[in-house]
Amino acid sequence: MEYKGWNEFEAGSVLFPFDKSGNAMVEQHADSRVYREDSSYTASVAHWRVEKPVFNQDHCINCYFCWVYCPDSSILVRDEKMSGVDYVHCKGCGVCVDVCPTNPKSLLMFNDYETNEVALAKWPTKESKKKD
């Protein structure tokens, strides 16, 4: 079977990630699903990334905004808590950082080459609210 590249589809095309039993697959955790070979879940888009979101669990309130708004399903949630970022599928768009409501944010963008440990050491402290 020959697959089309992403730029060969008509605008507005609907792509199905599963060959069959889509409803049954959706009920399973993403790690247990069997995706089509041409699904974006089986391919990495990490090479697009220049910056990456780094997660700091000390500031997270588990609101799931990042999980809901992530266009690539790259936010990892386990046992009802945010647990990190799937860097294989994260393209570094920063949507998760934009929607994070905490102060300081529990997700911040850093250069892709920087380790998460170095990024966490640079984390800002809580900003004080100024009274007028």
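Everything below is about the structure shown above.
Computed from a predicted structure; not experimentally measured. (Residues numbered from 1 in each chain as written. Predicted model: local features only at pLDDT ≥ 70, side-chain atom pairs only at ≥ 80, totals over all residues. Heavy atoms only, no water.)

Considering the overall build of the chain
Part 1 of the reasoning: Scanning the chain from terminus to terminus reveals 4 helices and 4 strands.
Part 2 of the reasoning: Starting at the N terminus, the α and β elements of the chain follow one another as α-β-α-β-β-α-β-α.
Part 3 of the reasoning: Here the chain holds 132 residues, and the buried ones make up 28% of them.
Part 4 of the reasoning: Long-range contacts, defined here as pairs at least 24 residues apart, represent 54% of the contacts in the chain between residues at least 6 apart. (Helix = DSSP H or I, 4+ residues; strand = E, 2+ residues; numbered from the N terminus. Buried < 20%, exposed > 50% of the residue type's maximum accessible area, 1.4 Å probe, protein only. Contact = heavy atoms within 4.5 Å.)

Focus: the state of the cysteines
Part 1 of the reasoning: The full count for this structure, using the stated rule, is 0 disulfides.
Part 2 of the reasoning: Cysteine C60 remains unbridged, with the sulfur of C66 as its closest cysteine sulfur at 6.3 Å.
Part 3 of the reasoning: In this structure C70 is not part of a disulfide, and its nearest cysteine sulfur, from C93, lies 6.1 Å away.
Part 4 of the reasoning: According to the relative accessible area criterion, C70 is buried, its value standing at 16%. (Disulfide = S-S within 2.5 Å.)

Digging into a nonpolar patch on the surface
Part 1 of the reasoning: A grouping of F65, W67, V68 and Y69 is seen on the molecular surface, where their side chains present a nonpolar patch of about 460 Å² in accessible area.
Part 2 of the reasoning: Locating V68 in the fold gives a position in helix α2 (residues 65–69). (Patch = residues over 30% accessible without salt bridge, like charges linked within 9 Å, V, L, I, M, F, W, Y side chains within 5 Å. Areas by Shrake-Rupley, 256 points an atom, 1.4 Å probe, with all protein chains shown as cover. Salt bridge = Lys/Arg side-chain N within 4 Å of Asp/Glu carboxyl O.)

So, the nonpolar core
Part 1 of the reasoning: Counting 16 residues, the largest nonpolar core has C66, I75, M82, C96, L107 and F110 as the members making the most contacts within it.
Part 2 of the reasoning: Broken down by secondary-structure element, the contributors of at least two residues to this core are β1 (51–55), β2 (75–78), β3 (81–85), α3 (95–99) and β4 (107–111).
Part 3 of the reasoning: The leading source of residues in this core is β4, at 3 residues.
Part 4 of the reasoning: Ignoring any residue separated from it by four or fewer positions in sequence, one finds C96 in contact with P53, C66, I75 and L107. (Core = buried A, V, L, I, M, F, W, Y, C linked by side-chain atoms within 4.5 Å.)

Quick look at unusual backbone geometry
Peptide bonds are mostly trans, and most non-glycine residues show a negative phi.
Part 1 of the reasoning: In the segment running from N103 into P104, the intervening peptide bond is cis, with an omega of -5°.
Part 2 of the reasoning: On the secondary structure map, P104 appears in the loop between α3 and β4.
Part 3 of the reasoning: The backbone phi angle of N62 is positive, close to 55°, even though this residue is not glycine.
Part 4 of the reasoning: Take N62: it is sitting in the loop between β1 and α2.
Part 5 of the reasoning: Within the chain, E80 stands out as a residue other than glycine whose phi angle is a positive 60°.
Part 6 of the reasoning: With respect to the element layout, E80 can be found in the loop between β2 and β3.

A word on the side chain of E114
Part 1 of the reasoning: Relative to the elements of secondary structure, E114 occurs in the loop between β4 and α4 (116–121).
Part 2 of the reasoning: Residues in contact with E114, not counting those within four places in the same chain, are K52 and K122.

Thoughts on the pairing of β3
Part 1 of the reasoning: Two strands pair when backbone bridges link them, and β2 and β3 are joined in this way by 4 bridges, in the antiparallel orientation. Within the sheet, the bridge partner assigned to I75 lies in β3 and is V85.
Part 2 of the reasoning: A loop of 2 residues connects β2 with β3, the two strands running antiparallel in sequence, and D79 in this loop sits at a positive phi of about 50°. (Pairing = 2+ DSSP bridges.)

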